[in-house]
There are 2 protein chains.
Amino acid sequence: MRNKVYQQGSRPDIRVPFAEVPLTGDNAPVRLYDTSGPGSDPEVGLPPLRGPWIAERGDVAPVRGGGTPLAGTRPTQLAYARAGTITPEMEFAAIREGVDPAVVRDEIAAGRAVLPANVNHPESEPMVIGSRFLVKINANIGTSAVTSSVAEEVDKLTWATRWGADTVMDLSTGARIHETREAIVRNSAVPIGTVPLYQALEKVGGDPVKLSWEVYRDTIVEQAEQGVDYMTVHAGVLLPYVPLAADRVTGIVSRGGSIMAAWCLAHHEENFLYTNFAELCSLFARYDITFSLGDGLRPGSIADANDEAQFAELRTLGELTRVAWEHDVQVMIEGPGHVPMHKIKENVDLQQELCGGAPFYTLGPLTTDVAPAYDHITSAIGAAMIGMFGTAMLCYVTPKEHLGLPNRDDVKAGVIAYKIAAHAADLAKGHPGARAWDDALSKARFEFRWEDQFNLSVDPETARSYHDETLPASPAKTAHFCSMCGPKFCSMKISQELKEYAARGMQDKSEEFVSAGGRVYLPVSGLPGR
Amino acid sequence: MRNKVYQQGSRPDIRVPFAEVPLTGDNAPVRLYDTSGPGSDPEVGLPPLRGPWIAERGDVAPVRGGGTPLAGTRPTQLAYARAGTITPEMEFAAIREGVDPAVVRDEIAAGRAVLPANVNHPESEPMVIGSRFLVKINANIGTSAVTSSVAEEVDKLTWATRWGADTVMDLSTGARIHETREAIVRNSAVPIGTVPLYQALEKVGGDPVKLSWEVYRDTIVEQAEQGVDYMTVHAGVLLPYVPLAADRVTGIVSRGGSIMAAWCLAHHEENFLYTNFAELCSLFARYDITFSLGDGLRPGSIADANDEAQFAELRTLGELTRVAWEHDVQVMIEGPGHVPMHKIKENVDLQQELCGGAPFYTLGPLTTDVAPAYDHITSAIGAAMIGMFGTAMLCYVTPKEHLGLPNRDDVKAGVIAYKIAAHAADLAKGHPGARAWDDALSKARFEFRWEDQFNLSVDPETARSYHDETLPASPAKTAHFCSMCGPKFCSMKISQELKEYAARGMQDKSEEFVSAGGRVYLPVSGLPGR
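Everything numeric here is computed off the predicted structure, so don't read it as measured data.

### Focus on the sheet that holds strand β1 (residues 3–8) of chain A
Residues and elements named next belong to chain A. Reading across from one edge, β1-β2-β3 is the order of the 3 strands in this open sheet, with antiparallel pairing throughout. Two strands close off the open sheet at either side, each with one partner strand: β1 and β3 (30–33). Strand-to-strand, the axes of this sheet are offset by a mean angle of 45°, without reference to chain direction. Of the strand pairs in this sheet, β1 and strand β2 (residues 15–21) are connected by 6 bridges, and their pairing is antiparallel. Within β2, the position partnered with Q8 by the bridge is R15.

### Observations regarding the side chain of A:H402
You can see A:H402 is positioned in the loop between β15 (393–395) and α15 (408–428). By relative accessible area, A:H402 is classed as buried at 2%. Looking at A:H402, its side chain comes within polar contact range of the side chain of B:R445, at 3.3 Å.

### Structural notes on helix α13 (residues 344–354) of chain B
Residue and element names in this part refer to chain B. Among the residues of α13, those classed as buried are I344, N347, V348 and Q351. Taken around the axis of α13, the buried residues stretch over an arc of 90°, which confines them to a single face. Here the buried face of α13 lies against α12 (308–326), β13 (331–335), β14 (360–363) and α14 (375–388). Downstream of α13 by a residue or two, G356 has a phi angle that is positive, lying close to 60°.

### Let's talk about the nonpolar core
Core analysis: the biggest nonpolar cluster contains 293 residues, and A:Y216, A:F291, B:Y216, B:F291 and B:M341 have the highest contact counts within it. With sequence-adjacent residues up to four places away left out, B:F291 is seen in contact with B:M231, B:V233, B:F277, B:L280, B:C281, B:F284, B:A324, B:V329, B:Q330, B:V331 and B:M332.

### Observations concerning the sheet that holds strand β1 (residues 3–8) of chain B
Residue and element names in this part refer to chain B. Taken in spatial order, the 3 strands make up an open sheet running β1-β2-β3, and their pairing is antiparallel. Each of the sheet's edge strands pairs with one partner strand only, and the pair in question is β1 and β3 (30–33). Neighbouring strand axes in the sheet, compared pairwise and without regard to direction, differ in orientation by 45° on average.

### Concerning the confidence of the model for chain A
Residue and element names in this part refer to chain A. Per-residue confidence for chain A gives a mean pLDDT of 90, with 87% of residues at or over 70. When the criterion is pLDDT under 50, residues 516–529 qualifies, and its contacts beyond four places in sequence or with other chains add up to 62 contacts. Scored by ipTM, the complex comes to 0.93, with pTM at 0.93.

### Some remarks on the pattern of salt bridges
As enumerated under the stated definition, the model contains 68 salt bridges over all chains in all. Linking B:R298 and B:D295 is a salt bridge whose minimum nitrogen-to-oxygen distance equals 3.5 Å. No difference in accessibility class separates B:R298 from B:D295, as the two residues are buried. When salt bridges with common partners are traced through the structure, they connect A:K443, A:E447, A:R449 and A:D452 into a single cluster.

### A closer look at helix α15 (residues 408–428) of chain B
Residue and element names in this part refer to chain B. For α15, spanning 21 residues, the distance from its first C-alpha to its last is 30 Å, which sits close to the expected 30 Å at 1.5 Å a residue. Among the 21 residues of α15, 18 are classified as buried, and the element is accordingly described as predominantly covered. For α15, the capping residue at the N-terminal end is N407, with a side-chain oxygen 3.0 Å from the backbone nitrogen of D409. Just beyond α15, the residue with positive phi is G430, at close to 70°.

### Quick notes on the environment of A:R435
Looking at where A:R435 falls in the secondary structure, it is placed in helix α16 (residues 434–446). Other than its neighbours up to four places away in sequence, A:R435 contacts A:L427, B:I302 and B:A303.

### Remarks on unusual backbone geometry
All names here are of chain A. Here the amide bond leading from G364 into P365 is cis, since omega sits at 15°, within 30 degrees of zero. As for its placement among the helices and strands, P365 is situated in the loop between β14 (360–363) and α14 (375–388). The backbone phi angle of N306 is positive, close to 55°, even though this residue is not glycine. Tracing the sequence through the fold places N306 in the loop between β12 (290–293) and α12 (308–326).

### Brief notes about the layout of surface pockets
Residues and elements named next belong to chain A. Considered as a void within the structure, the second largest pocket measures approximately 920 Å³ in volume. Within the residue set of the lining of the second largest pocket, elements represented by two or more residues are β1, β2, β3, α3 (88–97), α5 (150–163), α15, α16 and α18 (460–470). Looking at the lining of the second largest pocket residue by residue, the class counts come to 17 nonpolar, 10 polar and 13 charged.

Definitions and cut-offs
- Residues numbered from 1 in each chain as written.
- Chains lettered and ligands numbered in written order.
- Predicted model: local features only at pLDDT ≥ 70, side-chain atom pairs only at ≥ 80, totals over all residues.
- Heavy atoms only, no water.
- Pairing = 2+ DSSP bridges.
- Helix = DSSP H or I, 4+ residues; strand = E, 2+ residues; numbered from the N terminus.
- Axes fitted to C-alpha atoms, helices over the stretch in contact; angles between N-to-C directions.
- Buried < 20%, exposed > 50% of the residue type's maximum accessible area, 1.4 Å probe, protein only.
- Polar contact = N/O pair within 3.5 Å; in protein donor to acceptor, adjacent residues only side chain to side chain.
- Arc of directions from axis to C-beta.
- Contact = heavy atoms within 4.5 Å.
- Core = buried A, V, L, I, M, F, W, Y, C linked by side-chain atoms within 4.5 Å.
- pLDDT = per-residue confidence, 0-100.
- Salt bridge = Lys/Arg side-chain N within 4 Å of Asp/Glu carboxyl O.
- Expected span 1.5 Å × (residues − 1).
- 1 Å grid on protein atoms, 1.4 Å probe; cavity = no way out; pocket = protein on both sides within 12 Å on 5 of 7 lines; lining within 4 Å.
- Points joined across faces, edges and corners; volume = space filled by probe spheres on them.
- Nonpolar A, V, L, I, M, F, W, Y, C, P; charged D, E, K, R; others polar.

Encoded structure:
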């Protein structure tokens, strides 16, 4: 059981949601970060939480809770942060993080954090992405030419955020891209990201050679008006870099990267996203869209990790980061992919150095290629490590990676694996407050408060059902032993007695123990293991 | 599809099994390490592969393929290695590892590796555990007072080794311990480990206070005669260390550790396993049983990691390691437990320093406490990292950890998560040959050889079934596009064309491309992602 509670900010309309887990006995409830949103009728969409905040700033003409950007304005969180302003969005995000709002403002101002919040997505609950803050996770959804529907995708959105997705990317291809995206944005309390290139390609009949800056720009405006909060732009796939990928084991595995490579080669011209980057920045600034600079040349296999193609593009992304910042546009940088464990740290260090500390946003990375159907695990290993080293957001990988489109179960499996990776990284980074969750659960475990343990876990239903499989009866939920070992072996039980024992002095207790018939320790038992 | 093939050693009866994956086209087959054993009738047991080798050495009186130790002999692999002998067991293990047999001998002689092989378990296929070699994984099975039967446990053994378990521990408690173990050892081609303390406790009616050295010693002899290859001994839980665990969040979570702590406190005497350790070594030497020195004070929560209780015991295990080596007995050291990522490396470094490079054998570690039902994932993260840092064997954790007894599905999930962690560690350590598997699978993926990709994966059936869910038709298995993206988007396809393109010179190809109508790149597509 979890209760949605709200923490009040400096004004009445800053009400920050948390999932509160009530505990039994005199144990204080635990508040967890909550991404699930307010809940609403999917037909109507969510209420425009940020509407008043956007309107008050006066730099957009109010429309449908959001606004049409006024000419020449740069209503970005980066511009406000640089001007020293703490927006309601920053305060909201700071309360979620448990930090001073000035820290959020300063990290955004320095480019080390982003707060993706399109002026046309007033339904979003503000959140911040940066290495100083809790590690975030993204879930990809989207229709494809092969399968799935709009309703299914909105359902996946709600499902993903219920389990903890901090942002969602709509990677729809095929028909009904616009309609799918509209349904997703209007129903999303988390920032929505897209790869506009996919829709631009649809507009030219699927032929990358026919792509042009004009078609792309129109697509950006269309999506900007809908409220997309961040967009992946493969502006770093430069013509001279393309041959660097030719001798790879797996070539170019980024969809966007391969489209731009095809365009560059066919025209023998430089990437139009690179040559028009300044104009792109002006567009992004008007709506406060955050760049997610795509790594079109990311490695798609262990063999290709950390090669020259990958790092050449990263250097260009560093250059583009500075251009975006000149336009007051927020930036994060996308990263790999497939990387063996010993090469992970180099990725973060180089990205932080080349991109001036802009937030890193990585896909996994997968630490081995040999486990299709389990790539949520191969990549959770890499994600946890890269998070520990300073990556700000982890793009999830589902068990269906490389094999098929994720269904609901796959989305849940991916989100939970990444929630684990992100939290493990928070612990390793010593994020204040991260440990409280672990300690509360471990204390509940040690004290045989089974229901508290279930309710505190990332997936209470599954934890409870696993316990039920071995010990279904309700009294077992208050049993002072574990279901692995049964009543005769329980190390937890004896440890509790040792505690008391130590407190009272060992010799005294030893005598008391023997005189009491030596039965105190009878229900000796243990957790699994040895 | 995988074929069992054998590589011949220096004598006809050294035939080392591998799982060979035939590939399509002119791609060479890939040989994978194989733990599945020869397969046999569970009623009869496996053939005694090592029988002749044990008999030839003349230090045991042959019995049932194995032997009764002759008085005063030390028929251990460590004694032979120190004498400069390469036993057939060492050669067998070396062929599995793809290294020179002298390397196996030298690592065993130096104490940096163990080859667990009780003279009474002739059915086992020799394998070596040490940081120079492939990282190994262990699966725990066993009956409990609450549930499960002998037949079920033998089935779990076969199932676990089918998916890649390198050793199996029988942690049975409750009734029929002897019978269960007999069935397991006779049917196991992998080394079997136990915690003899559990059976000793049964013999004294479950009361730890009634335990004695005599009961324990008799239990050791009983299990030694059955052929147990390695035994967990909690000889490092010393009386003065017990109070160090009193203020922990989760006290003592090791079953064996809590039993010995209870005994020490009740008697106010030093741990009888510690005070009788030399005699224990003499017994182990007679049968060539390998010590797995248990970490009875390992942390059971993030809060308790790397504390004084844990490291005090580790120092004692270092001391005991030297005593065992004096008796020519092989030793490995058990490790945690629950450890946040930033504290993992210290565990390996300290263990290697204190224990003279003896192999480390860790349980996970879990990198967060908050995900019961997903602890195969929380711990695979820690296991991969600790493997990279030099841990030789990883004890698996199943999704049921902390909640219930693992069933078949849980055993498979645990083994596969650990197979992934171990292989990721092999890659990160640069183990020669580890990369070949990844490269073969990635090459198959890039070339759309779907069946090859499935057959090379850790779980071909699941990979194939996931692909079927999206694209069930058989022609899809030869389709030149991914099931995520459909035929119009495929980065793999375009990358293949880029390869050809680069080889022929970009300008030429660009002209050719345009003159051909610009359609070459039409099936542009991509892997999932962005």
